[in-house]
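An overview of the molecular structure
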Amino acid sequence: MKQLSGLDASFLYLETANQPMHISGLSIYTPETAPGGKVRFKQIIDNTAARIQKLPALTQRLAEVPFHLDHPYWVDDGTFDPEYHIRHLALPSPGDWRQLCILISRIHARPLDRARPLWEMTVIEGLDNVDGYPPGCFAVFTKMHHAAIDGASGVEIAAAIHDLEPDGEVLEALEPRPAEKPPGALSLLAKSQINTLKQPMRFLSVASNTIPGIAKAMMAIRRGDLKGVGKLPRTRFNRPVSPHRVFEAVRLPLQDIKAIKNALPGATVNDVALTIVGGALRRYLRHHGELPESSLVAMAPVNIRQGADAGSGGNVVAAMSVSIHTDVDDPMQRLRTVNDAAGNAKKRAAVIGAKSMTDYSQFIPSTLTAQAAKLVTRWGLVNQVNPIYNCVITNVPGPQVPLYNTGARMLSNFGTGPVVDGVGLFHVIGSYCGEFTISATCCREMMADPAFYKDCLLASYQELFDAALSAAETNTGTKTRTKAAAKKAPAKTKSKAAKKQVAKKKIAKKKVAKKKLAKKEVAKKTVTKQKKAPAQRSSSKKSVAAKKPAGGKPRAKASASTAAPKARKTRSKKAPAKRLTPPRQPKVRPKTSSGS
């Protein structure tokens, strides 16, 4: 027995007669790869029953707490009845795409039985006239409650049911096992009281982890580092929903989507999907004269599963608000603005902490939430408040390798989602084996012409692809011309930053050259001094030889270098002789006596 998380349980509380809260998948198969080229309904039942025995999300049912005082529990249903969960239908002739979409819309509008495991599977035969598929194909439409799985866990369940080869492993049905004994009312009430006592401490723990992030986000928005989505416009999709649904989908080449992505550096496949949906809604609302001046905002669920959450089932997601810029007409400009808006939304989620915010769902009051959802529907309170989102766009990437069910190869995979009061349009973006799909589920009263919306999606994709192709050709031509011009006149084509870089390199080279030249000069001076030292010694020897010439004959001419020392010696000898000359004595006149 395992208790539902607050987020999982919220999908049970929000469920009403007009808004069943399950998600679905539509897969189309060709029996050409199966043994004998045929697949029988009994084979599908046996194969599915043998494989889902190990999947808790498909073998457990709900155990409600009395008076809804706490979140419900999952209990093992034991050996369930596969023929109740797996149904069999067929399209009438001619078996085209429109008939298939109408049938899917009706099946998707029916709620699931809460007394049993919350899933159903419908095998649909007679797809003999569907464009893009060979005659004789069949479809499998699977519904699972959102309280049990999200998009990512749904992909994990689909992988467990399918094989990678046509002759996959044949599993035998497991032995019957008894159902888990449901807990008593007193036991559930006791557990709920214990959980109630623990709630204050849990709330303090979650608040301590999230309040700093919220404060940082508010400060960043005030500084202008982060931008909010602003006030949302009200459209036809933001009214109370009816119990009726419509379904439509388009198939596109995945390589074209990637080509569009590559036309804008930094863009992602998800940005391209948001841009296509934004362009389609712009066309659709403008056709009906309801296009608002400000942009529509989509809720984009984000998978925040970590390694420990893999295969756990349930919901491990966070929500982001992304502007899809229905107010921008140019497709490439819309892609740029959507890319910026998605980046800003990711920054907001990173600052606040996406997983931390989902922890607040643990404190959703079960009784009040269920009653509030019913009152909102009954009184139409959605029309009295500003919308939180205009639509939902979720991306659920699929495998890029072929999958097989009882030998039949899967050709395409689509998705549907729940529409609720105030958000009546749900998009599922998917990819499988080189194919990119956009599926739309809507309230029938909000979108009575789903085929026209399909045309809007295709037109939006085509204009974006043409614009991206033109931009890529322009960029290629610009690069070619730039390279050619750079070869002819590199100085003129260089940017300011490049010029500064080149100037810095030149200065550095000059400094290195000066250092090398200074080193060479020092080396030269050293060599010159070494050469002059022996030359001076030889010249002194020559001067001595000049004083004592060979044969005793003096040279007629003397060099200036030798004459100068002689003169100095002569003057030095005469000077002392003068100093030795006694000074003149003054003449002394004899004294005479006066009277003689």
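Our structure's up above, just so we're on the same page.
A brief report on the enclosed structure follows. (Residues numbered from 1 in each chain as written. Predicted model: local features only at pLDDT ≥ 70, side-chain atom pairs only at ≥ 80, totals over all residues. Heavy atoms only, no water.)

Some words on the overall build of the chain
Within the chain, the regular secondary structure consists of 16 helices and 15 strands. For the chain, the residues scored as buried account for 41% of the 596 residues in total. At a minimum sequence separation of 6, the contacts of the chain that also span at least 24 residues come to 80%. (Helix = DSSP H or I, 4+ residues; strand = E, 2+ residues; numbered from the N terminus. Buried < 20%, exposed > 50% of the residue type's maximum accessible area, 1.4 Å probe, protein only. Contact = heavy atoms within 4.5 Å.)

Considering the nonpolar core
Membership of the largest hydrophobic core comes to 52 residues, with the highest contact counts inside it found for Phe237, Leu281, Ile438 and Tyr453. If we skip the residues at most four places from it in the chain, Tyr453 touches Val277, Ala280, Leu281, Tyr284, Leu425, His427, Ala440 and Met447. Ranked by size, the runner-up nonpolar core spans 37 residues in total, among them Val39, Trp119, Ile149 and Ile161. (Core = buried A, V, L, I, M, F, W, Y, C linked by side-chain atoms within 4.5 Å.)

Remarks on the pairing of strand 5 (residues 86–90)
The side chains of a regular strand alternate between both faces of the sheet. Note that strand 5 and strand 6 (residues 119–127) share five bridges and pair parallel. Note that in strand 6 the partner of Ile86 across the bridge is Met121. Each parallel crossover has a hand, and the one from strand 5 via helix 5 (residues 97–109) to strand 6 is right-handed. (Pairing = 2+ DSSP bridges. Right-handed = clockwise from strand over helix to strand, strands pointing away.)

Some words on the pattern of salt bridges
With the rule as written, the count across this model stands at 13 salt bridges. The closest approach of N and O atoms between Glu15 and Arg114, which form a salt bridge, is 2.8 Å. One end of the pair, Glu15, is in the loop between helix 1 (6–13) and strand 2 (22–30); the other, Arg114, is in the loop between helix 5 and strand 6, and 99 residues separate them in sequence. Notably, a salt bridge pairs Asp113 with Arg116, separated by 4.0 Å at the nearest N-O pair. (Salt bridge = Lys/Arg side-chain N within 4 Å of Asp/Glu carboxyl O.)

Quick look at the sheet that holds strand 4 (residues 73–76)
Spatially, the three strands line up as an open sheet ordered 1-4-3, and their pairing is antiparallel. One side of each edge strand has no neighbouring strand; the edge strands of this open sheet are strand 1 (2–3) and strand 3 (60–63).

A short note on the side chain of Asn390
Residue placement: Asn390 occurs in the loop between helix 12 (366–379) and strand 11 (391–397). Its relative accessible area of 0% is what places Asn390 among the buried residues. A polar atom in the side chain of Asn390 sits 2.8 Å from the backbone oxygen of Pro233. Only 2.8 Å separates the side chain of Asn390 from the backbone nitrogen of Val297, close enough to count as a polar contact. Those residues in contact with Asn390 that lie beyond four places of it in its chain are Leu232, Pro233, Thr235, Phe237, Asn238, Leu296, Val297 and Val423. (Polar contact = N/O pair within 3.5 Å; in protein donor to acceptor, adjacent residues only side chain to side chain.)

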